[in-house]
Amino acid sequence: DVIGLIADVRDNIRIDRVEFYNNDELVGARREPPFAYEHLLIRPGTETFTAIAFDEVGNSTEATITVEVLRSGG
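These figures come from a predicted structure and were not determined experimentally.

1. What to know about the sheet that holds strand E6 (residues 60-69)
Then step 1. Taken together, four strands build an open sheet; the order of strands is E3-E2-E5-E6 and the sheet is antiparallel. Of all strands in the sheet, those with a lone pairing partner are strand E3 (25-30) and E6, marking the two edges. In this sheet, adjacent strand axes meet at a mean angle of 20° when their direction is disregarded.
Then step 2. Strand direction decides the pairing type here: strand E5 (residues 45-55) and E6, joined by ten bridges, are antiparallel. If you follow Phe 49 over to E6, its bridge partner there is Ile 65.

In structure tokens:
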């Protein structure tokens, strides 16, 4: 299974890139819209995902989400 992450990013200059992290480890980056990443879920448990957006002059902002991954029986 995968989880789709989409960063809704806007800036008055230009977005340089969006980096995606899983549990503080860089797992992907996008330089062009759509700023999206699909992450393979390997095991059940708590996963934390962070997206950090950078503009052309080096400003950045981030958003974090924590999800609980469950496996159904069967």
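2. Notes on the packing of aromatic side chains
Each aromatic ring pair is characterised by the separation of its centres together with the angle its planes make.
Then step 1. Enumeration over the complete set of coordinates arrives at one aromatic pair.
Then step 2. Ring geometry for Phe 20 versus Tyr 37: centroids 5.9 Å apart, planes at 20°, classification stacked. Of this pair, Phe 20 sits in strand E2 (residues 15-22) while Tyr 37 sits in strand E4 (residues 36-40), placing them 17 residues apart in sequence.
Then step 3. The ring of Phe 54 is capped by Arg 17, whose NZ or CZ atom sits 3.9 Å from the centre of that ring.

3. Side note on the side chain of Thr 50
Then step 1. Inspection of the secondary structure puts Thr 50 in strand E5.
Then step 2. Its relative accessible area of 12% is what places Thr 50 among the buried residues.
Then step 3. A polar contact is formed between the side chain of Thr 50 and the side chain of Thr 64, at a distance of 3.0 Å.
Then step 4. Not counting chain neighbours up to four residues away, the residues in contact with Thr 50 comprise Glu 19, Phe 20, Tyr 21, Glu 62, Ala 63 and Thr 64.

4. Observations concerning the pairing of E4
Then step 1. Here E4 shows a buried face lined by Tyr 37 and His 39 and an unburied face lined by Ala 36, Glu 38 and Leu 40.
Then step 2. In terms of strand pairing, strand E1 (residues 2-6) meets E4 through five bridges, oriented antiparallel. Residue pairing for E4: Leu 5 is matched across the bridge by Tyr 37.

5. Side note on unusual backbone geometry
Then step 1. Residue Pro 34 is bonded to the preceding Pro 33 through a cis peptide linkage, with omega at 0°.
Then step 2. If you trace the backbone, Pro 34 turns up in the loop between E3 and E4.
Then step 3. Here the phi dihedral of Asn 23 falls at roughly 50°; this positive angle occurs in a residue that is not glycine.
Then step 4. Position of Asn 23 relative to the elements: it lies in the loop between E2 and E3.

Rules used in this analysis
- Each chain has its residues counted from 1, following the order in which its sequence is written.
- Under the rules for a predicted model, residues below a pLDDT of 70 receive no local features and side-chain atom pairs below 80 are neither given nor counted, while totals for whole chains, interfaces and linings still include all residues.
- Here the side-chain values reflect all heavy atoms present in the structure, with hydrogen atoms and water set aside.
- Two strands pair under a simple rule: DSSP has to find at least two bridges between them.
- Secondary structure elements are defined from DSSP: runs of H or I of at least 4 residues count as helices, runs of E of at least 2 residues count as strands, and each element is numbered from the N terminus.
- Axis lines are fitted through C-alpha atoms, for helices just across the contact stretch, and the angle between N-to-C directions can take any value from 0 to 180 degrees.
- Pairing of aromatic rings covers Phe, Tyr and Trp, the last through its six-membered ring, and needs centres within 6.5 Å; plane angles under 30 degrees mean stacked, over 60 mean edge-to-face, and all others mean tilted.
- Criterion for a charge above a ring: Lys NZ or Arg CZ within 6 Å of the ring centre, and within 35 degrees of the ring normal.
- Each residue is placed in one exposure class: buried if its accessible area under a 1.4 Å probe, protein chains only, is under 20% of its type's maximum, exposed if it is over 50%, and partly exposed if it falls in between.
- Throughout this description, a polar contact denotes any pair of N or O atoms lying within 3.5 Å of each other; where both atoms belong to protein, one of them has to be capable of donating a hydrogen while the other can accept it, and for residues adjacent in sequence the pair is counted only when both atoms sit in side chains.
- When checking whether two residues touch, look at their non-hydrogen atoms; a contact exists if any pair is within 4.5 Å.

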